[in-house]
Structure formats: structure tokens, C-alpha cells
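Structural overview for review
These are the residues of each chain, in order.
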Amino acid sequence: MSAHLDDVKKYAKNPVNEAAVASLEKTYRLVLSKPDTRYVACSDKAELETVRKNFLEKKLGLSGDDLDASIKSVCETMKATRSKSRLTFYYLLAEHHGKLDTFA
């Protein structure tokens, strides 16, 4: 079992879609391999804007006013963890918006 899967299981509200986790690992392999892009910084507004534009809008095809609220919700869910895994963060956002099938 991958470390990413274990991390997602800590935060997911529903049973974890292991195929989606594997697909996210494959899709974001390069991003996850670099120390400066492996994590999401909830205190960095530019970082959160990048998550909104590149992941929620471009990758998931979402739009609307609730995108920032969903990002804030995931930040709150993961607040106990200083280093928020980008893969887990993206998984939780996709789960929140019912878009895990995009990766499965």
C-alpha cells in the first residue's frame, strides 16, 4: 500500500477509491517528486489560486463561487498536518465535488 493511499485514508469521508489514488499518483508523479511542489501551502494565496485554476477549473472542469470554499474546507480538514500532501489535497477536492471518476 502506498504512503499516498494511507494519507488519503486519514482524511477521506467515504471509502477510498484506490484506482483514483493510483491515477493521481501517475498523473502528478513529477509534481510529487519535487520537494517544493509536493505539498500545498494553505497560507499562500498564490498557491491556493493555482490549485483553483489548474486543478479545479482546468483538470476537473469546474467553475463557480464554491471553489474557494471547497479549498478552504480541505485546508480546514487537513489543518493538523503542517505538510499537506498535494495528492491528498487534490483527492479530497475531487471527492468534495463528486469528480473522483475523472481519475478512476
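As shown above, the structure is provided for reference.
First things first, this report covers the structure right here in the doc. Along each chain, residues carry numbers from 1 onward, in the same order as the chain's sequence is written. Totals for whole chains, interfaces and linings use every residue, but because this is a predicted model, local features are given only for residues with pLDDT of at least 70 and side-chain atom pairs only at 80 or more, for both listing and counting. Where side-chain values are given, they derive from all heavy atoms of the structure, hydrogens and water being excluded.

A word on the nonpolar core
Residues enter a nonpolar core if they are buried and are Ala, Val, Leu, Ile, Met, Phe, Trp, Tyr or Cys, with the set joined through side-chain atoms within 4.5 Å. The cut-offs for exposure are 20% and 50% of the maximum accessible area for each residue type, with area from a 1.4 Å probe on protein chains only; residues under the lower value are buried, those over the upper are exposed, and the others partly exposed. In terms of nonpolar packing, the biggest core is built from 31 residues, with L24, F55, L56, I71, F89, Y91 and L93 touching the most fellow members. The set of elements that each furnish at least two residues to this core consists of α1 (3-11), α2 (18-27), α4 (45-59), α5 (66-77) and α6 (86-96). Those residues in contact with F89 that sit more than four places away from it in its chain are V40, C42, V51, I71, V74, C75 and M78. Where helices and strands are cited, they refer to DSSP runs of H or I of at least four residues and of E of at least two residues respectively, numbered from the N terminus. Contacts are assigned to residue pairs with any non-hydrogen atoms lying within 4.5 Å of each other.

Some details on the pattern of salt bridges
For this document, the term salt bridge refers to a Lys or Arg side-chain nitrogen within 4 Å of an Asp or Glu carboxyl oxygen. For the structure on display, the rule yields six salt bridges. Across the pair K53 and E49 runs a salt bridge, and its minimum N-O distance is 3.7 Å. Note that K53 and E49 are positioned in helix α4 at a spacing of four residues, about one turn of the helix. For R52, the salt bridge is made with D68, and the minimal N-O distance between the two is 3.2 Å. Of this pair, R52 sits in helix α4 while D68 sits in helix α5, placing them 16 residues apart in sequence. The class for D68 is partly exposed, based on a relative accessible area of 43%.

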